[in-house]
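Next come the chains, spelled out residue by residue.
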Amino acid sequence: MLLFIRDHMSLCDKYAPNTLNGIIGNNFARNRLAAFGIDVLEGKKVRPIIIFGASGIGKTAAAHALAYSNGLELIELSASDYRNAENLEKKVLPLAKTRGLFNKKCLIVFDEIDELSSKFDSGSEKIITKLMKESRHPIIFIANDYWNRKISFLRETTDKIEFKRPDSVEVLALLERVTKAEGKDLSKDLIIQIVKRSNGDVRAALNDLEMMFDADPELIDYLGMRDRKSEIFKVLDKIFLSSNFDTARNSLLSTDIDLDMLINWVSQNISNKYTSNASISEAYENLSMASMFNEKASRKSYYGYLRYASVLLSSGVSLSNSGSMNTMSQYAFPATIRHLSKTKKDRDAIGIIASKLTLYLHANKRTIISSHIPIMAMIINQSIEKLGPDAVYEFMEQKYRLDKSEVQVISSYGWS
Ligand SMILES: Nc1ncnc2c1ncn2[C@@H]1O[C@H](COP(=O)(O)OP(=O)(O)OP(=O)(O)O)[C@@H](O)[C@H]1O
Ligand SMILES: [Mg+2]
C-alpha cells in the first residue's frame with residue numbers, strides 16, 4: 001500500500017468529463033444542456049438554467065463540460081462571491097454586460113448557490129435578478145436543494161434541470177474503465193463494493209477507488225464507516241423525535257450499531273434535544289440504567305441484560321421527554337469520538353488540512369473532516385506499521401502536499 005507516488009491529480013480531476021457525453025447517467029439532463037449549448041452558439045437569448053440534485057453526481061462537471069466543449073469561457077462564481085452584494089455589483093455585473101475576452105462568449109456559472117444560504121444577502125438577490133435581465137451571456141445556477149427557500153426567487157426566472165444519481169451499472173462501468181486506464185488490478189468484487197457504498201455519488205466512488213488503489217483490500221470495511229454516521233443519525237431521530245415506545249425500540253432492532261457507541265451518542269445529545277429539566281434528568285436516569293445493564297451483560301456474560309439495556313436506551317429515553325424538543329439542533333458528536341475537540345490548536349490544524357484536501361478530494365471541508373480524514377488516519381497508521389513513517393510522510397507530501405506534522409495530526413484523528 002501507499003507505494004506508488006502518482007501524479008497529484010485526483011481521479012476525479014483526471015477523469016472529469018470534457019464533454020457532456022462523458023457524464024454518466026442523466027440522459028435527459030444531458031440532452032437539455034446540449035440543446036442549451038446549441039442555442040447559445042446560435043446566438044439565441046436563452047433563459048437561465050438551474051441544475052440541481054445530490055452531491056457528487058456531475059452537476060459542476062456538466063457545466064464545465066458544456067463550456068469546454070462549446071468553447072465558452074467559464075466565469076465561475078461560488079458562495080463567497082454572492083454573499084457579498086457589492087462584489088457582485090462591481091465585478092460580476094459589468095463582466096456579464098460586456099463581451100468576453102477576444103469576443104468569446106462566456107458561460108456564467110453560479111455554483112452551489114444554495115450553500116451558506118443563511119448568509120445569503122438580500123442585496124445579492126436583487127443583483128442576481130438584475131444580472132439575469134441584463135447579462136449578454138448565458139447563466140447556469142447549480143444547487144443541491146432546489147426547494148431551499150433562499151433561492152425561491154430563481155424559480156420564476158429559470159428553467160430547472162434535475163440531476164439524478166447514476167445507477168450502479170453505470171458507476172461500475174466507469175470505475176472499471178478508470179481502474180483499467182490506471183493500470184491497476186482490483187478485483188471486480190471490491191469495485192462492486194465501492195459502487196454499492198457510494199450510493200450513486202460518483203465523486204465518493206472515485207475517491208474511494210483511489211483510496212483502495214493504495215490500500216489493503218480489507219480496508220474496504222472502513223469505507224463503510226461513512227454510511228455509519230447517517231445510520232446513527234436515523235436511529236437518534238427515532239429515539240429523540242418519536243414519542244412512541246415501539247418506534248424507538250424497533251429502531252435498535254433494525255441496526256447492528258454497537259450499544260456502547262449508541263449510549264455515547266445518546267448521552268451527548270439528550271441536553272441538546274430536550275429542553276425541559278425534568279425530561280433531561282429522566283432521560284439521563286434511563287440512560288444510566290441502560291448503561292448499567294449493558295456493562296452487567298458483558299461482565300457477567302449474561303446477554304439477557306442487553307434486552308433491558310436496549311429498551312431503556314431507546315424507548316426509555318424517548319418517553320422521558322414531556323416538554324418541547326429542539327428539532328433544529330444538529331446531533332453533536334460524542335466527546336469520546338470527537339477527536340477534534342482535543343484542543344483548539346488541533347481543531348485549527350485539522351481545519352487547515354481539510355482545506356488543503358478540498359483541492360484533491362473535491363468535497364467540502366465538513367465532509368472531509370467527518371468522513372475522509374478518519375479513513376485516511378487508518379490507512380496512514382496501518383502504512384506506518386508496514387512501511388515505516390518516512391515512506392508514508394513522503395507519499396503524503398507528494399500526493400497531498402501535506403507535511404510531516406500535518407500527517408501526524410491526521411494519524412491521531414479518527415472515530416474512536
Ligand atoms: N455523472 C458523472 N459522470 C462522470 N463523472 C462524474 C459524474 N458525476 C461526478 N463525476 C466525477 O466526480 C467529480 C465531482 O463531480 P461534480 O463536481 O460534478 O459533483 P456535483 O454534482 O457538482 O457535486 P456537489 O453538489 O457536491 O458540488 C467530477 O469531477 C467527475 O470526475
Ligand atoms: Mg458541484
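**Student:** Hey, could you run me through the environment of Glu176 in this one?
**Tutor:** Here Glu176 lies in helix H7 (residues 168-181). Judged by the 16 C-beta atoms lying within 10 Å of it, Glu176 falls in the partly exposed class. Residues Glu176 and Ser187, 11 residues apart in the sequence, show an inter-C-alpha distance of 9.7 Å.

**Student:** Any chance you could explain helix H12 (residues 245-253) here in plain terms?
**Tutor:** In an α-helix, one turn spans 3.6 residues, which is why side chains three or four residues apart end up on the same side. Residues of H12 that are buried include every one of Ala248, Ser251 and Leu252, and no others. Down the axis, H12 shows its buried residues gathered within 95° of arc, on one side only. Among the exposed residues of H12, those pointing more than 90 degrees away from its buried face are Asp246 and Leu253.

**Student:** What is the right way to look at the sheet that holds strand E5 (residues 159-162) in this model?
**Tutor:** The strands making up a sheet are joined through hydrogen bonds of the backbone, oriented either antiparallel or parallel. Taken in spatial order, the five strands make up an open sheet running E2-E3-E4-E1-E5, and their pairing is parallel. Each of the sheet's edge strands pairs with one partner strand only, and the pair in question is strand E2 (73-77) and E5. When the angles between neighbouring strand axes are averaged without regard to direction, this sheet yields 20°. When strand E1 (residues 49-52) meets strand E4 (residues 139-143), the two strands line up parallel, connected through four bridges. When the sheet's bridge partners are listed, Ile51 is paired in E4 with Ile142.

**Student:** Would you mind going over unusual backbone geometry with me for this structure?
**Tutor:** Keep in mind that most residues, glycine aside, have a negative phi and that most peptide bonds are trans. In this structure, Asn26 is a non-glycine residue whose phi angle is positive, near 55°. Here Asn26 is to be found in the loop between helix H1 (11-14) and helix H2 (27-41). Residue classification places Asn26 among the buried residues on the basis of 24 C-beta atoms within 10 Å. Despite not being glycine, Asn199 has its phi angle at roughly 50°, a positive value. Structurally, Asn199 can be placed in the loop between helix H8 (188-198) and helix H9 (202-214). In this structure Asn199 comes out as partly exposed when scored by C-beta crowding, with 16 C-beta atoms within 10 Å.

Reading the values: rules and limits
Residues numbered from 1 in each chain as written. Chains lettered and ligands numbered in written order. Predicted model: local features only at pLDDT ≥ 70, side-chain atom pairs only at ≥ 80, totals over all residues. Helix = DSSP H or I, 4+ residues; strand = E, 2+ residues; numbered from the N terminus. Buried ≥ 20, exposed ≤ 12 C-beta atoms within 10 Å, placed from the backbone. Arc of directions from axis to C-beta. Pairing = 2+ DSSP bridges. Axes fitted to C-alpha atoms, helices over the stretch in contact; angles between N-to-C directions.

These results come straight from atomic positions and should not be treated as a statement about function.
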